[in-house]
Amino acid sequence: FRKACENADRIIAISECTKRDIIEFFGIPADKIEVVYQGCDTSFTHSVTEEKKREVRAKYQLPEHYILNVGSIEERKNALSAVQTLTMLPEQIHLVIVGRRTEYTDKIERFIKENKLEERVHIISNVPFDDLPTFYQLAEIFVYPSRFEGFGIPIIEALYSGIPVVAATGSCLEEAGGPDSIYIHPDDIKGMANAFKQIYSDPERKKEMIEKGQTFAKRFSEEKQAEEILNIYKKLMR
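Residues numbered from 1 in each chain as written. Predicted model: local features only at pLDDT ≥ 70, side-chain atom pairs only at ≥ 80, totals over all residues. Heavy atoms only, no water.

## Digging into the overall build of the protein chain
Next up, step 1: For the protein chain, the count of helices and strands is eleven helices and eight strands.
Next up, step 2: For the protein chain, the C-alpha radius of gyration of 19 Å lies close to 18 Å, the compact-globule estimate for 238 residues.
Next up, step 3: Counting only C-alpha atoms, the protein chain reaches 60 × 35 × 35 Å along its principal axes.
Next up, step 4: Looking at the protein chain residue by residue over its 238 residues, the buried ones come to 51%.
Next up, step 5: The long-range fraction of contacts in the protein chain, counting pairs at least 24 apart against all pairs at least 6 apart in sequence, stands at 70%.
Next up, step 6: In the structure as shown, the protein chain presents an accessible area of about 12400 Å², 50% of it carried by carbon and sulfur atoms.
Next up, step 7: Positive and negative side-chain charges in the protein chain, numbering 33 and 39 respectively, have mean positions lying 2 Å apart. (Helix = DSSP H or I, 4+ residues; strand = E, 2+ residues; numbered from the N terminus. Rg over C-alpha atoms; globule rule 2.2 N^0.38 Å. Buried < 20%, exposed > 50% of the residue type's maximum accessible area, 1.4 Å probe, protein only. Contact = heavy atoms within 4.5 Å. Areas by Shrake-Rupley, 256 points an atom, 1.4 Å probe, with all protein chains shown as cover. Lys, Arg positive; Asp, Glu negative; His and termini not counted. Charge placed at Lys NZ, Arg CZ, Asp CG, Glu CD.)

## So, the side chain of Ser15
Next up, step 1: Counting through the fold element by element, Ser15 comes out in the loop between β1 (11-13) and α2 (16-26).
Next up, step 2: Residue classification places Ser15 among the buried residues on the basis of a relative accessible area of 0%.
Next up, step 3: Among the polar contacts made by the side chain of Ser15, one reaches the main-chain amide nitrogen of Thr18 at a distance of 3.0 Å.
Next up, step 4: When neighbours within four sequence positions are excluded, Ser15 is seen to be in contact with Val35, Tyr37, Gly150, Phe151, Cys172 and Glu175. (Polar contact = N/O pair within 3.5 Å; in protein donor to acceptor, adjacent residues only side chain to side chain.)

## Some details on a nonpolar patch on the surface
Next up, step 1: A cluster of nonpolar side chains, namely Tyr233, Leu236 and Met237, defines an oily patch on the protein surface of about 370 Å² accessible area.
Next up, step 2: Assignment of secondary structure puts Met237 in helix α11 (residues 222-237).
Next up, step 3: Note on Met237: relative accessible area 70%, which makes it exposed. (Patch = residues over 30% accessible without salt bridge, like charges linked within 9 Å, V, L, I, M, F, W, Y side chains within 5 Å. Salt bridge = Lys/Arg side-chain N within 4 Å of Asp/Glu carboxyl O.)

## Some remarks on the pairing of strand β7 (residues 165-168)
Next up, step 1: Both faces of β7 are covered, namely the face carrying Val165 and Ala167 and the face carrying Val166 and Ala168.
Next up, step 2: Sheet topology places strand β6 (residues 141-144) next to β7; three bridges connect them, and they run parallel. Note on β7: the bridge partner recorded for Phe142 is Val165.
Next up, step 3: With helix α7 (residues 153-161) bridging β6 and its parallel neighbour β7, the resulting β-α-β unit is right-handed.
Next up, step 4: In the sheet, β7 pairs with strand β8 (residues 182-184) via three bridges, with the strands oriented parallel. Residue Val166 lies in a different strand from β8, and its bridge partner there is Ile182. (Pairing = 2+ DSSP bridges. Right-handed = clockwise from strand over helix to strand, strands pointing away.)

And the structure:
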């Protein structure tokens with residue numbers, strides 16, 4: 001990767017955080033790197049039908065009230081912290097984790113068993129992409145407690161889907177979630193639980209987070225991405 005960066009005329013980074021990493025780890029001059037943010041699939045920008053919601057809820061036996069986490073279930077993504085918050089939240093609140101299982105999933109399941117959370121945590125793998133927007137639109141909050149990401153596309157998917165976001169500090173997630181999402185240190189379980197309680201107990205705050213989040217997400221359109229990349233090529237050709 002270092003050699004590729006040294007040889008390139010221009011480097012496109014997917015976030016300011018990634019740009020800083022390229023500068024720090026590979027010693028690349030900042031003026032050689034351009035940031036172009038990613039977007040998400042346009043299916044997340046459309047409302048799913050009530051019929052589709054009923055079908056998906058029944059198919060996966062989704063609970064009435066749940067917090068959603070999406071992403072491969074690995075140590076770096078830190079889903080265990082979201083599970084741990086359930087010990088501080090009302091029993092009717094569940095957590096749905098959608099993603100590819102790894103060995104880390106066993107660690108999560110041990111905690112679930114030890115704390116008798118089997119009824120409240122739903123780990124679901126191999127979800128067809130067509131069903132994924134419905135998972136978001138049925139959820140009440142999206143949580144992304146990852147310790148390190150290059151950008152965090154699931155946050156964009158959540159913002160477009162009209163659900164408030166709680167994410168971790170420490171990498172690039174503030175860039176994806178914008179100023180109106182809530183950010184907590186990835187090891188601050190109590191702080192994360194309090195963020196969830198705040199959203200559940202303050203409908204006006206929740207409404208504001210959703211509206212401002214949807215507005216913020218519009219900056220990550222495919223058209224804007226294409227335009228920015230095209231401009232980089234044009235500058236190189238001069």
